[in-house]
Amino acid sequence: MKPVDLPLYDECVKKSPIYKDEDTSLIELNISRCRVYLQEHSTPLQNAWSKVSSTAADTKYKIVSKLPKVTDPHALLTNTAVIGGAAGASILINRLLFPKAGMIRRILTPLTVGTLAAVYCYPDDAITVYRKLIGSSFNMIDSVPVDVRYNISEKEFQEEFELKRKPCVFKGMDIGPCMRKWSVNYLCEKGGSKMATVHVSDTPQMNFITKNFLYRQLPFSDVVQRASELTHSEYFSAPDEYYYFRSLGEDVRKDPSNIMEQFPEFKEDIKWPHYFPEDKFFSSVFRIASAGMQLWTHYDVMDNFLIQVNGRKKAVLFPPSDALNLYLKGDKSEVTDVDSINLDKYPNFANVTKYQCMLEPGDILYIPALWFHNVVAVEFGVAVNVFWKNLDKKYYDQKDPYGNKDLLPAARSMDILNRALKVLSELPDTYKDFYARKMVSKIESSAFVKND
Ligand SMILES: O=C(O)CCC(=O)C(=O)O
């Protein structure tokens with residue numbers, strides 16, 4: 001039987017001062033017994049653990065879902081603990097500092113501390129309340145939390161999210177042993193020296209339109225190692241440069257990425273919910289990011305499960321109906337820094353509806369096709385995503401390894417529009433303007449979805 005991979009044990013034996021000068025063979029024998037034991041028992045243990053943790057998550061969800069307006073039960077529990085702790089501490093401090101204080105001060109101090117803690121924990125809600133109080137229409141800093149569901153079933157997913165074309169974060173799903181296995185060491189050892197193309201940038205915000213990054217080739221283990229460090233002894237342009245890896249297909253110009261083929265050594269480690277027909281599968285993509293890396297805002301033409309395996313990631317999403325507010329160049333938006341916008345340059349951005357969530361390890365974000373997304377790796381992170389053709393296959397461009405080429409009827413319509421505009425340009429400007437406005441009105445009345 002092949003021993004399980006436990007590099008830390010070897011490290012301990014070699015480095016521990018107690019055993020340094022002793023014969024380590026007995027220890028190693030015991031360790032190898034442990035390995036075999038773990039190997040034999042890991043599957044039932046893992047199953048038991050995933051049952052316990054999913055029952056716990058389920059129970060937690062059942063309790064908190066009874067409370068009004070709870071969109072993220074996990075955040076609610078955490079934040080209640082923070083606010084409760086802050087309120088308790090403030091009462092205590094109040095008593096110690098002002099033992100003789102009057103009733104008003106006794107009440108006001110915990111109230112102020114509690115409010116500050118609430119603003120800290122629920123900044124979005126606080127902004128909404130603030131806007132209501134002052135009647136401001138300062139739309140851009142407002143954000144809507146993405147829905148969160150625990151142990152969602154296929155039917156619930158399809159009815160509540162896929163059909164309604166709404167994003168969602170799934171928690172408590174079984175994503176396989178990757179969560180426990182994918183340490184930096186494990187990824188480096190298993191992934192080895194196969195060459196990988198990586199984006200390298202000396203600023204955290206990578207922007208595809210201005211191309212402020214380089215493409216470089218590195219062995220996979222170096223990509224993981226460098227992405228996991230903040231400063232590097234070997235680098236391309238700066239010791240604190242950022243790395244972003246997105247796996248590609250066998251023939252990068254033609255084939256979509258498929259982890260099962262390009263990274264067979266990891267294929268047993270990862271699972272995803274098979275909530276779409278197998279024959280609709282399009283690609284599975286490895287994503288590895290340095291802490292702080294922010295990826296440009298873009299949309300894809302297929303539905304997608306983004307599985308966060310390691311590290312936390314902030315995801316910001318905008319609905320397809322915000323297309324006109326996002327300053328698009330193809331499938332990408334000019335706006336990368338979605339939290340600090342230059343409204344003089346991008347005034348329409350003030351009208352967007354910004355959805356936001358923080359992905360924890362084990363979370364899966366469902367990103368429906370055409371939803372714009374922008375992510376920040378809050379920590380070094382490893383993710384895998386799975387794309388599938390949610391519409392009939394005939395609509396998709398066959399030569400599209402990235403899954404971001406516009407659907408065939410849309411691409412054809414765009415061609416026809418370009419031809420129409422060419423014909424229109426024969427007329428003098430005032431006539432062209434008049435007929436162009438009529439065309440816009442025709443498009444608006446016959447193709448816009450009214451209740452969006
Ligand atoms: O998580 C990432 O690194 C990027 C995700 C993304 O762009 C996608 O799922 O299409």
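Residues numbered from 1 in each chain as written. Predicted model: local features only at pLDDT ≥ 70, side-chain atom pairs only at ≥ 80, totals over all residues.

Student: Would you take a moment to explain the overall build of the protein for this structure?
Tutor: Secondary structure assignment for the protein yields 12 helices and 17 strands. In the protein, which comprises 452 residues, the proportion classed as buried is 27%. Taking contacts inside the protein between residues at least 6 apart in sequence as the whole, the part at least 24 apart equals 75%. (Helix = DSSP H or I, 4+ residues; strand = E, 2+ residues; numbered from the N terminus. Buried ≥ 20, exposed ≤ 12 C-beta atoms within 10 Å, placed from the backbone. Contact = placed C-beta atoms within 7 Å.)

Student: What is the right way to read the sheet that holds strand β10 (residues 303–310) from this model?
Tutor: Sheet strands associate in pairs through backbone hydrogen bonding, adopting either a parallel or an antiparallel arrangement. One open sheet accounts for nine strands, arranged β2-β3-β15-β10-β17-β8-β7-β4-β6; its pairing is mixed. Bordering the open sheet on either side are β2 (147–150) and β6 (214–219), each of which pairs with just one other strand. Direction aside, neighbouring strands of the sheet carry axes that sit 25 degrees apart on average. Here β10 runs beside strand β17 (residues 381–388); their pairing, made up of seven bridges, is antiparallel. Within β17, the position partnered with Phe305 by the bridge is Val386. (Pairing = 2+ DSSP bridges. Axes fitted to C-alpha atoms, helices over the stretch in contact; angles between N-to-C directions.)

Student: Looking at this model, I keep getting lost on the confidence of the model for the protein. Mind explaining?
Tutor: Mean pLDDT for the protein: 84, with 79% of residues reaching 70 or above. Per-element confidence in the protein is highest for strand β15 (residues 364–367), whose mean pLDDT is 98, and lowest for helix α1 (residues 7–15), whose mean pLDDT is 48. Below a pLDDT of 50 lies the segment residues 12–23, which in the model reaches seven contacts outside its immediate sequence neighbourhood of four places, other chains included. Low pLDDT (under 50) marks residues 134–141, which in the prediction has eight contacts with non-local residues, meaning those over four places away or in another chain. (pLDDT = per-residue confidence, 0-100.)

Student: Quick question: what am I supposed to make of unusual backbone geometry here?
Tutor: In most cases, non-glycine residues show a negative phi, while peptide bonds are predominantly trans. Located in the positive-phi region is Lys211, a residue other than glycine, with phi close to 50 degrees. Looking at where Lys211 falls in the secondary structure, it is placed in the loop between β5 (205–206) and β6. Residue Lys211 is classed as exposed on the basis of its 11 C-beta neighbours within 10 Å. The phi angle at Tyr327 is positive, at roughly 50 degrees, despite the residue not being glycine. Mapped onto the fold, Tyr327 is located in the loop between β11 (313–318) and β12 (328–329). You can call Tyr327 partly exposed: it has 16 C-beta atoms within 10 Å.

Student: Honestly, the site of the ligand in this entry has me stumped. Any pointers?
Tutor: For the ligand, the full set of nearby residues is Arg287, Ala289, Leu295, Asp300, Asn304, Leu306, Lys313, Ile367, His373, Val375, Ala383 and Asn385. Those elements that place two or more of their residues in the shell around the ligand are β8 (281–289), β10, β16 (372–377) and β17. Residue classes in the shell around the ligand are distributed as six nonpolar, three polar and three charged. (Near = placed C-beta within 6 Å. Nonpolar A, V, L, I, M, F, W, Y, C, P; charged D, E, K, R; others polar.)

Student: Just checking my understanding: could you explain the pairing of β2 for this structure?
Tutor: The sheet contact formed by β2 and strand β3 (residues 168–171) spans four bridges and is parallel. Paired with Asp147 across the two strands is Cys168, which belongs to β3. Viewed along the sheet, the connection from β2 through helix α6 (residues 154–162) into β3 turns out right-handed. (Right-handed = clockwise from strand over helix to strand, strands pointing away.)

Student: Help me out: how do you make sense of the packing of helix α8 (residues 184–191) against helix α9 (residues 220–228) in this one?
Tutor: Packed helices, taken two at a time, are described by the angle between their axes plus the distance between the axes. Orientation of α8 relative to α9, taken along the N-to-C sense of each, is 160 degrees, at an axis distance of 7 Å. By the angle between their directions, the pair α8 and α9 is classed as roughly antiparallel. Note that α8 runs across α9; the crossing there is left-handed. Touching Val184, Leu187, Cys188 and Gly191 of α8 are Phe220, Ser221, Val224, Gln225 and Ser228, all from α9. For the contact of α8 with α9, the per-class residue count stands at five nonpolar, four polar and no charged. (Parallel < 35°, antiparallel > 145°, perpendicular 65-115°, else oblique. Left-handed = near helix turned anticlockwise from the far one by under 90°.)

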